[in-house]
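A closer look at the structure
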Amino acid sequence: MGVKGYRALAPIVGATVCRNGAILRLIGVCLPEGAEQIKVNAGEIRLARSRFIEWKGDDETLVFPVVSDVHSGTSSLSSAPDWKDGIWHQLFLDEAATAFGAAFVANLGDIGIDRNRTTWKDEPESFGRSVMAAEKRIYDTFRVPALHVVGNHDLGNARWHISSMEYFDYFNSPLRAWKEFHVEGETWGYWDFRRKMTRVVFLNTSELNVGNTKGKLWVGMTGRQAEFLDRTLSETPKGWTVVVLTHASLHPWIGLWSKETNPRNAPGLSETLEVLKRHASEGRIRLAGVFSGHSHLDADLKENGVQHVLTQSYGLNGPDRLRPMYRYNRINLASSFLIDIVAVKPYRSRTKVFRLGAGGPECDREFPCRSAGAKAFSFAGGEAHIVSSSY
């Protein structure tokens, strides 16, 4: 679907018209009305929503859009947005969240404060903090609450470093005022949606990251998170559905494409996964799945009762790193976008991921929330699925 049918993005975020009437104001920046770069395919959102409505029926459903691995190269929001930089695309999240009646928005990490997306070179602290400020400025316009999970590119580099707690609180501190939002330790916790009988657990797979430095850990967790998860799942009311959000997948190889960024022996990941397997097998709770980014590809695997779901989102990738069970959509950020909408039916034990933008309906995925099951992929073939999308 081409640019026909697009509409100006600015009204989506509650924009006001600048004084000359020919300019739209977008989060404090005036942009030319009708500029190609500030349009989003409203038709795609309507079509995706119609698929969702048909699937939902009259069932109670918890909905949240996810985005990951933006890896921004923008250190400030200028008057001429570069739509080739995914940081601006996060404005589409609010429109999608509102259209789908989402409870919240989940950013699964790696906004990229350490490196410039264009040059992929380490940047100074001033750059990283400017990226954080630009990110927050965008999310402050949202009509739906947003949760930021910590990624391995969100903590600095060999030149400078910030703590996971500083990053987490910079974006998530407003959520602490919510009665149902609980932070344990420093950067992990859970969010209850009682009407939906669903508990959303968020973890920090970069807890041991001290800057993406050669020879240092990029991914790793202490045993505190496994202990927290065990206790939290034990205390989750019987019959509730549980959603788990992480940056890197807990599975040892489903998202593996770099030994440095996701080593099989990363501390704490296997221990945490074992906790999930045990609780899934006991059947007290319904595990909707573990939703992750990090690997820059679409993949999913049901193994030992745990459904692993990876979203490509805005991360770049290449055919040399893709396996047969993976899918990757080439995307032109200047004219397209990529958002996954996660919809969970807690009373029906069903979960579906709806794709907006690159890949379209063919990238929708549906999973049962059963407590046990054999190993199964939702898509697999002789070679990786690499799609040159026309969206």
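One can find the structure itself at the top, above this paragraph.
Here we summarise the structure given alongside this text.

Calculation notes
- Residues numbered from 1 in each chain as written.
- Predicted model: local features only at pLDDT ≥ 70, side-chain atom pairs only at ≥ 80, totals over all residues.
- Heavy atoms only, no water.
- Helix = DSSP H or I, 4+ residues; strand = E, 2+ residues; numbered from the N terminus.
- Polar contact = N/O pair within 3.5 Å; in protein donor to acceptor, adjacent residues only side chain to side chain.
- Buried < 20%, exposed > 50% of the residue type's maximum accessible area, 1.4 Å probe, protein only.
- Axes fitted to C-alpha atoms, helices over the stretch in contact; angles between N-to-C directions.
- Parallel < 35°, antiparallel > 145°, perpendicular 65-115°, else oblique.
- Left-handed = near helix turned anticlockwise from the far one by under 90°.
- Contact = heavy atoms within 4.5 Å.
- Nonpolar A, V, L, I, M, F, W, Y, C, P; charged D, E, K, R; others polar.
- Phe/Tyr/Trp six-rings, centres within 6.5 Å; stacked < 30°, edge-to-face > 60°.
- Lys NZ or Arg CZ within 6 Å of the ring centre and 35° of its normal.
- Expected span 1.5 Å × (residues − 1).
- Arc of directions from axis to C-beta.

Looking now at the side chain of Arg-115. Position of Arg-115 relative to the elements: it lies in the loop between strand 6 (105–107) and helix 4 (125–139). At a separation of 3.2 Å, a polar atom in the side chain of Arg-115 contacts the side chain of Asp-122.

Looking now at the environment of Val-183. In this structure, Val-183 sits in strand 8 (residues 181–184). Relative accessible area serves as the criterion here: at 22%, Val-183 is assigned to the partly exposed category. Considering only alpha carbons, one finds Val-183 and Val-201, 18 residues apart in sequence, at a separation of 9.8 Å.

So, on to the packing of helix 6 (residues 223–235) against helix 7 (residues 269–282). Where helix 6 contacts helix 7, the axes come no closer than 8 Å and their chain directions differ by 15°. Comparing the axis directions of helix 6 and helix 7 gives the class roughly parallel. The crossing of helix 6 and helix 7 is right-handed. Each of Ala-226, Leu-229, Asp-230, Leu-233 and Ser-234 in helix 6 lies in contact with helix 7, whose residues at this interface are Glu-271, Thr-272, Val-275, Leu-276, Arg-278 and His-279. Within the contact of helix 6 with helix 7, the residues separate by chemical class into five nonpolar, three polar and three charged.

Scanning all chains against the criterion turns up 16 aromatic pairs. Ring centres 6.2 Å apart and planes at 85° place the aromatic pair Phe-64 and Phe-291 in the edge-to-face group. With Phe-64 in strand 5 (residues 62–67) and Phe-291 in strand 12 (residues 286–292), this residue pair connects regions lying 227 residues apart in the sequence. Classification of Phe-64 by relative accessible area gives buried; the value is 0%. A ring pair is formed by Tyr-167 and Phe-171, whose centres lie 5.1 Å apart and whose planes are at 65°; its orientation type is edge-to-face. Of the two residues, Tyr-167 and Phe-171 both sit in helix 5 (residues 164–172), four residues apart, roughly one turn of that helix. This pair shows no difference in class: Tyr-167 is buried, exactly as Phe-171 is. Over the aromatic face of Tyr-190 sits the side chain of Arg-199, whose NZ or CZ is 4.0 Å from the ring centroid.

This part is about helix 4. Residues three or four positions apart in an α-helix share a direction because the helix packs 3.6 residues into each turn. Look at helix 4: 21 Å from first C-alpha to last across 15 residues, which is about the 21 Å you get at 1.5 Å a residue. Three or more residues of helix 4 are buried, namely Phe-127, Gly-128, Val-131, Met-132, Ala-134, Glu-135, Ile-138 and Tyr-139. On an axial view of helix 4, the arc spanned by its buried residues comes to 165°, and they lie on one face.

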